[in-house]
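Listed here are the chains, written in short residue letters.
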Amino acid sequence: MSEAQPILRLDEATIKFGGLTAVNKVSFELNRGDIFGLIGPNGAGKTTCFNLITGVYKPTSGEIYFQGQPIGGLAPNKIATRGICRTFQNIRLFSALSSVENVMIGAHLRHRVPLVGALLLAPNSVAETKALQERSMHLLELVNLADYANHRSADMSYGKQRRLEIARALATDPELILLDEPAAGMNPQEKEELLYTVRRIRDELNKTVLVIEHDMRFVMGLCERIVVLDHGEEIAQGPPDAIRNNPKVIEAYLGEPA
Amino acid sequence: MKSFWPVRLASIVGVVALCFALDRAVLAAAPAQYRLLILASLFVILAVSLNLINGITGQFSIGHAAFAMIGAYTAGTLSKNPAFASMPHPQLLAVMTLLGALVAATFGFIVGLPSLRLRGDYLAIVTLGFGEIIRIVTNATESLGGSYGMPVAPKVQFLWWSLLLMVACIALCRNLLKTTHGLTFLAVREDEVAGLAMGVNVTMTKVVAFVIGAAFAGAAGAVLAHTEAFISPRTFPMEMSFIILTMVVLGGTGSITGSALAAVVLFAIPEYLRTLTDAQGKAYEMNAGLFMGILVAIMIAVAASKWIQTNVHEKGKKLGFYAGAWLAVIPLGFLFQTILHLSPTLKTLAFGIDILRYAVFAVVLIALMLLRPQGIFGHHEIGWHWFRKRPVPATEGGAA
Ligand SMILES: Nc1ncnc2c1ncn2[C@@H]1O[C@H](COP(=O)(O)OP(=O)(O)OP(=O)(O)O)[C@@H](O)[C@H]1O
Ligand SMILES: [Mg+2]
């Protein structure tokens, strides 16, 4: 039963900001283990879709189901607890903290000694912190940042910060991870490594991945299915080959000056 | 891990013994300073507890004195109750401290609520307003003594108690930062949106910070009430909130040790200047001139160090440059003193006793904000790791 049901389902999800309908009746489904792409020209409503799924905004109408449960309008931290985590297009790291501390904050979600234990520095609290630190180090290794564990996150390069965001999101041990333009600002070699990392996240960590990306080569090479938005509307959905040759998609991109 | 409880127990016993020993030592060697040291430790508590709210959790709260005031009036009112009044003094003080903390924590919860919706400047205005409301209401409440204030009986002055309280406050905050729990507080400070996305319960974290911060301020207030044996709205003026805030900002927002150190220094400076009489005028004028001169020289040395840090890369050369810059402080100080004394107007302007008290404060602050806006210690703690080579994250370090 739970194998057959989609892990994430958007059912005519809609959000309006005043007169602007940023996301208009968008529906799509992700199955467990998918690497799913969300593309579209600038301002199409992709990031807003992520914000709806992660609870930053409440849908004006429509519903979002995660593992069969409606989650539209739940608080973002509740949704993270249910098992959806994300990265941010405009990188939002805890800048004054080190890389490993950033990841540990993600990791705190799944283990928790009561606050009193922390205040009194009880042995289990210390042990927990140690365990989380180790787990975080493993995740830093996964994204090739182990050597930067103690670096202040704000001082690292753009590409490293993006990878750190992925490690931090993974640390919450999500079922579904949302990546908002993870390859932006990366050089070709970094992109190649990222491609490999995302595949590992799916194959080795058994996560489902939803990715927004402008780099078409990257998206087409990575995703098995893609949904295309334009002006908040869903204009196409399907495997990469079908999307590439879809006249509506070509028009949406060519009609765009950018 | 197995040796945890014996070590913990030993360190607690050690701290208690140390507090008692200090208490006795001060009584024997400098009884005149006994009360001042109690007040200083209370200010450390106030600064460190505000640092939890402002520096660690990033909620811009001013008006911290109000929580101390609530604790003080709680103690002042309840200690009149015969059931408490008959207690031996140590028990009485302990109970009053606890009750002051509880009542202040309740108010902390209420003040914490707006922080869930308001950010930055707006929250600052609300907390400032809260502080003023508490003061004005007390001023107008006859049963609390109104503007005349209220005598608090019995007068209980225990340095050991305020020291213990201070250690507890510092230890709790420091423990917090050693665990992942503490990291979630820092996450709220750094980026709420990202924190939420990582599952941090931002609401809860903010309220907890306010409740704990207010509780310690309330405890300090209760001790203050019994130390002074008299409280009035004038004991807790708006300036007091600003001074506490200054201690936190000066020490480096987020740095516990920085806040504590800044609290001691900022408490000591005006107290020292207060002890000066006109009879000491001449000598004092010279000292003050030198003090101001050295202050200016230090500012220059800090600026120079910054320049050296970025521009000189060879290790030996760097060390020499640093030494030169800091050695120059003393002669430069004397030079500036001479210059100041050349002009009679500058002299009177700078060295009127009252003016100077504020001037020193202001100059220190301005200098700091110009040279090091993140506070003297920034987000860092003072500790043994300064002497280690490897950089250590906030969550690592020696246990207990
Ligand atoms: N909070 C908001 N208030 C008002 N308008 C908003 C808000 N958030 C997004 N929008 C608008 O919604 C539209 C979609 O924005 P969104 O950020 O989702 O685009 P995007 O597809 O992620 O684009 P890009 O590729 O540039 O990141 C834009 O026109 C944007 O201005
Ligand atoms: Mg976007």
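Residues numbered from 1 in each chain as written. Chains lettered and ligands numbered in written order. Predicted model: local features only at pLDDT ≥ 70, side-chain atom pairs only at ≥ 80, totals over all residues. Heavy atoms only, no water.

**Q** Would you mind going over the interface of chain B and chain A with me for this structure?
**A** By a widespread convention, an interface's size corresponds to the accessible area lost as its parts come together. Each partner contributes residues to the interface: chain B has 37 residues there, and chain A has 39 residues. Surface buried jointly by chain B and chain A totals about 3,300 Å² across both partners, of which 69% is contributed by carbon and sulfur atoms. Among the residues of chain B in contact with chain A, Thr180(B), His181(B) and Met198(B) are the three that bury the most area, contributing 22% of the side total. Our count for the chain B to chain A interface comes out at 1 salt bridge. In this structure, Asp191(B) and Arg92(A) form a salt bridge, with 2.8 Å as the shortest nitrogen-oxygen distance. Counting every contact that joins chain B to chain A gives 8 residue pairs in polar contact (both at pLDDT 80 or more). Within the residue set of the side of chain B that touches chain A, elements represented by two or more residues are helix H1 (4–29), helix H7 (159–177), helix H8 (180–190), helix H9 (192–197) and helix H10 (202–228) of chain B. It is H8(B) that contributes the most residues to the side of chain B that touches chain A, 9 residues altogether. Tallied by class, residues from the side of chain B that touches chain A come to 21 nonpolar, 10 polar and 6 charged. (Contact = heavy atoms within 4.5 Å. Buried area = accessible area lost by both parts, 1.4 Å probe. Salt bridge = Lys/Arg side-chain N within 4 Å of Asp/Glu carboxyl O. Polar contact = N/O pair within 3.5 Å; in protein donor to acceptor, adjacent residues only side chain to side chain. Helix = DSSP H or I, 4+ residues; strand = E, 2+ residues; numbered from the N terminus. Nonpolar A, V, L, I, M, F, W, Y, C, P; charged D, E, K, R; others polar.)

**Q** Looking at this model, I keep getting lost on the side chain of Lys46(A). Mind explaining?
**A** Residues and elements named next belong to chain A. Looking at the secondary structure, you find lysine 46 in helix H1 (residues 46–53). Buried charge without a partner: lysine 46 forms no salt bridge, and the closest opposite charge is glutamate 181, 4.9 Å away. Beyond its immediate chain neighbours, meaning those up to four positions away, lysine 46 contacts Leu38, Ile39, Gly40, Pro41, Glu181, Ile212, His214 and Leu229. (Buried < 20%, exposed > 50% of the residue type's maximum accessible area, 1.4 Å probe, protein only. Lys, Arg positive; Asp, Glu negative; His and termini not counted.)

**Q** What am I meant to see in the site of ligand 1 here?
**A** Residues and elements named next belong to chain A. Near ligand 1 you find 14 residues, and of these Lys46, Thr47, Thr48, Tyr57 and His214 are the closest. Within the backbone of alanine 44, an N or O atom sits 3.2 Å from an oxygen atom of ligand 1. Glycine 45 places a polar main-chain atom, nitrogen or oxygen, 2.9 Å from an oxygen atom of ligand 1. Considering ligand 1 on its own, with 630 Å² of exposed area, one finds that the protein chains cover 65% of that surface. Of all elements in the fold, only strand S2 (20–30) and H1 reach the threshold of two or more residues within the shell around ligand 1. For the shell around ligand 1, the element with the most residues is H1, which contributes 3 residues. (Near = heavy atom within 4 Å. Areas by Shrake-Rupley, 256 points an atom, 1.4 Å probe, with all protein chains shown as cover.)

**Q** Whenever I open this one, a nonpolar patch on the surface confuses me. Can you help?
**A** Residues and elements named next belong to chain A. Taken together, the side chains of Phe17, Leu20, Val56 and Tyr57 make up a nonpolar region of the molecular surface, amounting to roughly 330 Å² of accessible area. On the secondary structure map, tyrosine 57 appears in the loop between H1 and strand S4 (61–66). Among the residues examined, tyrosine 57 registers a relative accessible area of 30% and is labelled partly exposed. (Patch = residues over 30% accessible without salt bridge, like charges linked within 9 Å, V, L, I, M, F, W, Y side chains within 5 Å.)

**Q** Where do I start with the coordination of the magnesium ion (ligand 2) in this structure?
**A** Geometry sets the ideal angles at a metal, namely 109.5 degrees for four tetrahedral donors and 90 or 180 degrees for six octahedral donors. Residues and elements named next belong to chain A. Protein-derived ligands of the magnesium ion (ligand 2) are Thr47 (OG1) and Gln89 (OE1), with the metal-ligand distances lying across 1.9 to 2.1 Å. Of this pair, threonine 47 sits in helix H1 while glutamine 89 sits in the loop between strand S6 (84–86) and helix H3 (99–107), and the two are 42 residues apart along the sequence. A residue is classified by how much of its surface remains accessible, and glutamine 89, at 30% relative accessible area, is partly exposed. (Donors = N, O, S within 2.8 Å, 3.2 Å for Na, K, Ca; no water.)

**Q** Please clarify how the domain arrangement of chain A should be interpreted in this entry.
**A** Residue and element names in this part refer to chain A. Per the domain assignment, the segments of chain A are domain 1 (1–83 + 174–187 + 206–258) and domain 2 (90–173). Averaged C-alpha coordinates put domain 1 and domain 2 at centres separated by 27 Å. The partner domain 2 presents 11 residues to the 14 residues of domain 1 that form the contact. Both faces considered, domain 1 and domain 2 share a buried interface measuring about 910 Å² in area, 65% of it formed by carbon and sulfur atoms. When the buried surface of domain 1 facing domain 2 is broken down by residue, Pro174, Ile177 and Met186 rank first, second and third, together holding 40% of it. Here domain 1 and domain 2 share 1 salt bridge between them. Across the pair lysine 207 and aspartate 173 runs a salt bridge, and its minimum N-O distance is 2.8 Å. (Domains from an automatic or database assignment.)

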